[in-house]
Amino acid sequence: MQKAYVAGIGMHPFGRFLDKSIKELTQYAVWEAIEDAGIDAKEIEIAYFSNSFGGVLGGQHSSRGQVILRYAGFSELPIINVENACAGGATAVQQAYLSVASGQVDIALAVGSEKMFIGDTGKTIAALGSAGDVELFDGQGIQFTALYAFKAIEYMKKYGATSEDFAKVAVKNSSNASQNPYAQFKKKLTVDEVLQSRMIANPLTLFMCSPIADGSAAVIIVSEKVAKKLGKDTVQVKGGVLKSGKVSNTGDDTPMVTKAALELYEKTGVQPSEVDMIEVHDAAVSVEFEHVEDLCLVDKGTAFQEIGKGTFDINGRLPINMSGGLTSKGHPVGATGVAQMVELTKQLRGDAGTRQVSPNGRLPKVGLGLNTGGRVEDDRAAIAVTMLTR
Amino acid sequence: VIVNGEKQGILKINEDGKPSLIGSNCKSCGKVSFPKKEVCPYCLTKSNYETIEFGQKGTISTFTICHTAPRGFEAPYALGLVNTDNNIQVLSQIEGDLSSMKQGEEVDLILSPTTVDEAGNQHFAWKYKVTQEGGV
């Protein structure tokens, strides 16, 4: 495998953009990335387009990437449509990485876009529910917030965490997002505001849950040769691992997030202790504890104690969701995993402004993204961990 | 009457009108899978299973009350994980008094009216309902 680098990043801010189409969101992010990389758009040899709900919500059931990227000027090159529920973004990034690392191409584009504000919230919630087995759950009113609520309840029971601990995660993420111009919610919240916001699915309140969002994010991944020529060889895609959920009752209690992470640490030779910062999939804030523990970065059952000590703050020992995470930055499903890479790249370049992570006064060296999605029976459908280094 | 999942082999309606869930019990490794599968996901053995019917009774393992609803549903309603026989846990809507619903409570598998489709047909879905004193 050859080395591959993130040469360009681009993002359309996440939020509610009623007057913007998915084509416009995508064009904005892709061209921001092209300009950031300093490449000629014609040099892009392959594109991976991640989107989950452009069919059910937008009516574009097929050829989404080709149709939407044509608006951004693209034709002829291979375009691969990626749908992997909420983990589609990281999946697209990993595939673009593999296209370069395998030597197939020198310049690859990964872009994720989602248009979720369609004027019918019930329809959008129903669309999200289709990331589970629709035959199995037909007519049950299954929604993902409830699945996160179960996990939160189980975590509380097992370790003694409280709603206030979850609220502290929301407060941290809102504080980070308040410094991110691309975030959907830039208001800094207090613990009381989070706890007193409307109940969505107990114990999860409104401000503990990721919002519906429109948005797009793009990365351009290039070979070492091209990266050096562009002067963009700072941020390397060190590797990625993608998994599917597992069957239950096997006696094997290792979560798939842990399996994916251990495989990534092994593959890259990077130890968990070397990880400087992570972006995780806080579709609900409560899952941040589970994620950081399952990535083997803190001991099981201790993350809720660490949140109170500031461990996961920008200036803490292990910053989590510097971008504001899904809860504050927004969660336009297919874009989320790509946006995690955008944030990690900014951090590794030292371009993150007031939310810059600087362990011991230096720039961070290792960033990890965890992007998960969907549900099959008792587990997630897709789990993706991706590592960037400088 | 349209029962969601009946055609797909997820459940069957018994002679007494009550539903049962349908799973597969692998004859090679002994693991039970729900819904029923042609290939066992535990040992990847093909077409070597017996069909089992289960799930008429269970207990609530974890539940939450949803205060927002997807299209076609009305909040609030409860979703939960239900422990059934054969060590199978299923995710389902749970009917009952939301203010007194408790973890560990016994529930019965029922058919309950759910959404109405575009042709105007009333669909029924399998759900669990908190066991009433004196039976369903």
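Residues numbered from 1 in each chain as written. Chains lettered and ligands numbered in written order. Predicted model: local features only at pLDDT ≥ 70, side-chain atom pairs only at ≥ 80, totals over all residues. Heavy atoms only, no water.

Peer 1: Teacher, can you tell me more about helix α5 (residues 144-159) of chain A here?
Peer 2: Since the α-helix turns once every 3.6 residues, residues separated by three or four places project in the same direction. Residue and element names in this part refer to chain A. Along its 16 residues, α5 runs 23 Å from first to last C-alpha, staying within 8% of the 22 Å computed at 1.5 Å per residue. Along α5, the positions that sit buried rather than exposed are F144, T145, A146, L147, Y148, A149, F150, A152, I153 and Y155. Of the residues one or two after α5, G160 is the one with positive phi, at around 85°. (Helix = DSSP H or I, 4+ residues; strand = E, 2+ residues; numbered from the N terminus. Expected span 1.5 Å × (residues − 1). Buried < 20%, exposed > 50% of the residue type's maximum accessible area, 1.4 Å probe, protein only.)

Peer 1: Could you clarify how one ought to interpret unusual backbone geometry in this entry?
Peer 2: Note: most residues except glycine have negative phi, and most peptide bonds are trans. Note the cis peptide between N202 of chain A and P203 of chain A, where omega equals 5°. Residues A75 of chain B and P76 of chain B are joined by a peptide bond in cis, for which omega reads -5°. The residue N249 of chain A is not glycine, and still its phi comes out positive at about 60°. If you check the backbone angles, N321 of chain A has positive phi at about 55° while not being a glycine. By secondary structure assignment, the location of N321 of chain A is in the loop between α11 (303-308) and α12 (325-329). Its relative accessible area of 0% is what places N321 of chain A among the buried residues.

Peer 1: Just checking my understanding: could you explain the interface of chain A and chain B for this structure?
Peer 2: Put simply, an interface is often sized by how much accessible area is lost when its parts join up. Counting residues at the interface gives 33 residues for chain A and 35 residues for chain B. Between chain A and chain B, roughly 2,900 Å² of surface is buried when both sides are summed, and carbon and sulfur atoms account for 54% of that area. The three residues of chain A that bury the most area against chain B are Q140, F150 and N249 of chain A, which together make up 21% of that side's buried surface. There are two salt bridges connecting chain A and chain B. For the pair chain A and chain B, the interface holds 19 residue pairs in polar contact (both at pLDDT 80 or more). Looking at the side of chain A that touches chain B, the element that brings in the most residues is α5 of chain A, giving seven residues. Here the side of chain A that touches chain B is composed, by residue class, of 14 nonpolar, nine polar and 10 charged. (Contact = heavy atoms within 4.5 Å. Buried area = accessible area lost by both parts, 1.4 Å probe. Salt bridge = Lys/Arg side-chain N within 4 Å of Asp/Glu carboxyl O. Polar contact = N/O pair within 3.5 Å; in protein donor to acceptor, adjacent residues only side chain to side chain. Nonpolar A, V, L, I, M, F, W, Y, C, P; charged D, E, K, R; others polar.)

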